[in-house]
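Here are the chains, one letter per residue:
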Amino acid sequence: MAFLEIKNIYKSFGRTEVLKGIDFSLEKGEVLAIIGSSGSGKTTLLRCINFLERPDVGKFYINGEEIFNAEDKAYTDKEIREKRLHFGMVFQQFNLFPQYTVLKNVMLAQELMRIKGSEAKLTKAEKAEIRSDIEAHSRKLLDMVGLSDKVANYPCQLSGGQQQRVAIARALAMSPDVLCFDEPTSALDPELTGEVLRVIRELKTSDRTMIVVTHEMNFAKSVADKVIFMADGVIEEIGTPDEVFGAPKSEKTKAFLQKSLENPMD
């Protein structure tokens, strides 16, 4: 049984059909790279998986348990927020809170969940103990992404690459089942791209499942276990990196890869 199953996802905005029946599955610990031209539906798919957009049709399963069925229209906002916890999201533009330090940015969601979101009435001592645990966990994550010396800095005092690494630590803080990246290097100068990709490579473990929408073909080749090429709202081709990059079957895939080689910064 696959760890993550995405079944028959459709999504339209008005009369514009963006996703037209998306199906794929991942085993625990696998890394999926999603590639394709702008407008192919990559980001919309990721936003649907993360419940930032609600699919019109489709089902999601984690470990065989159905966590979303678009036919059930009765989900409350609270239920959607709870389902979103299965998926961590790292955005193109970092989305850090400028008024908070690096450490506070990583701690904030955990505090909201464990302290303010607690149904139990916590004592001051209990709150202090939880905050201490959250801070220790957050410092460990920042050390993991190479930013232990920046905990007291504000986002404006960091490079783009450092800000994105904070965003990665923040996404990891909630211990998601699947970590999702939406073009994590697209807002970075070329010299900063390598540091972020290096962190993502280091995150690959046997129990961390990741989905990466990327235009970095070499990264997709070297890190992904599975590659999806999307075109016009459908999965045009899916396979291992060797299959998709080395022996593509679809003419659309061949044309895209050829263009990527000619224009690597597109």
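Nothing here was measured: the structure is a model prediction, and the numbers come from that model.

## Things to note about the side chain of Thr-101
Examined against the element boundaries, Thr-101 turns out to sit in the loop between strand S6 (87-90) and helix H3 (102-116). For Thr-101, the side chain forms a polar contact with the main-chain nitrogen of Lys-104, separated by 3.1 Å. Sequence-distant contacts of Thr-101, defined by excluding residues within four places in its chain, comprise Val-151, Ala-152, Asn-153 and Tyr-154.

## Some details on the pattern of salt bridges
When the charged atoms of two side chains lie near each other, side chains of opposite charge can form a pair. Under the definition given, this model contains ten salt bridges. Asp-225 is the partner of Lys-204 in a salt bridge, and the nearest nitrogen-oxygen pair spans 3.3 Å. Of this pair, Lys-204 sits in the loop between helix H6 (190-203) and strand S8 (209-213) while Asp-225 sits in the loop between helix H7 (217-223) and strand S9 (226-231), placing them 21 residues apart in sequence. Here Lys-204 falls in the partly exposed class, since its relative accessible area comes to 32%. One salt bridge in this structure joins Lys-252 and Asp-232, with 3.0 Å as the shortest N-O distance. Here Lys-252 is found in helix H9 (residues 251-262), whereas its partner Asp-232 is found in the loop between S9 and strand S10 (234-239), with 20 residues between them in sequence. Here the salt bridges do not stand alone but share partners, grouping Lys-104, Glu-111 and Arg-131 into one network.

## Considering the sheet that holds strand S2 (residues 16-26)
Read from one edge of the open sheet, four strands run S2-S1-S4-S5, paired in antiparallel fashion. Single-partner strands in this sheet number two, and they are S2 and strand S5 (65-69). Adjacent strand axes in the sheet meet at a mean angle of 20° when their direction is disregarded. Across five bridges, strand S1 (residues 4-13) lies against strand S4 (residues 57-62) in antiparallel orientation. Across the sheet, the residue bridging to Leu-4 is Ile-62, located in S4. Docked against the sheet, helix H1 (residues 42-49) engages S1, S2 and S4, running at close to 65° with respect to S2.

## So, the packing of H3 against helix H4 (residues 124-144)
Two numbers describe how H3 lies on H4: the axes approach to 9 Å, and their chain directions differ by 140°. Taken together, H3 and H4 sit at an angle that is classed as oblique. As H3 packs across H4, the resulting crossing turns out to be right-handed. Contacts between H3 and H4 involve Val-102, Leu-103, Val-106, Met-107, Gln-110, Glu-111, Arg-114 and Ile-115 from the former and Lys-127, Ile-130, Arg-131, Asp-133, Ile-134, Glu-135, His-137, Ser-138, Arg-139 and Leu-142 from the latter. For the contact of H3 with H4, a count of residues per class yields eight nonpolar, three polar and seven charged.

## Focus on the environment of Ile-238
Tracing the chain through its elements places Ile-238 in strand S10. Since its relative accessible area comes to 41%, Ile-238 is described here as partly exposed. Along the chain, Ile-238 and Leu-197 lie 41 residues apart, while their C-alpha atoms are 22 Å from each other. Not counting residues up to four positions away in its chain, the partners in contact with Ile-238 are Phe-24, Lys-226, Val-227, Ile-228 and Val-244.

What counts and what doesn't
- Residues numbered from 1 in each chain as written.
- Predicted model: local features only at pLDDT ≥ 70, side-chain atom pairs only at ≥ 80, totals over all residues.
- Heavy atoms only, no water.
- Helix = DSSP H or I, 4+ residues; strand = E, 2+ residues; numbered from the N terminus.
- Polar contact = N/O pair within 3.5 Å; in protein donor to acceptor, adjacent residues only side chain to side chain.
- Contact = heavy atoms within 4.5 Å.
- Salt bridge = Lys/Arg side-chain N within 4 Å of Asp/Glu carboxyl O.
- Buried < 20%, exposed > 50% of the residue type's maximum accessible area, 1.4 Å probe, protein only.
- Pairing = 2+ DSSP bridges.
- Axes fitted to C-alpha atoms, helices over the stretch in contact; angles between N-to-C directions.
- Parallel < 35°, antiparallel > 145°, perpendicular 65-115°, else oblique.
- Left-handed = near helix turned anticlockwise from the far one by under 90°.
- Nonpolar A, V, L, I, M, F, W, Y, C, P; charged D, E, K, R; others polar.

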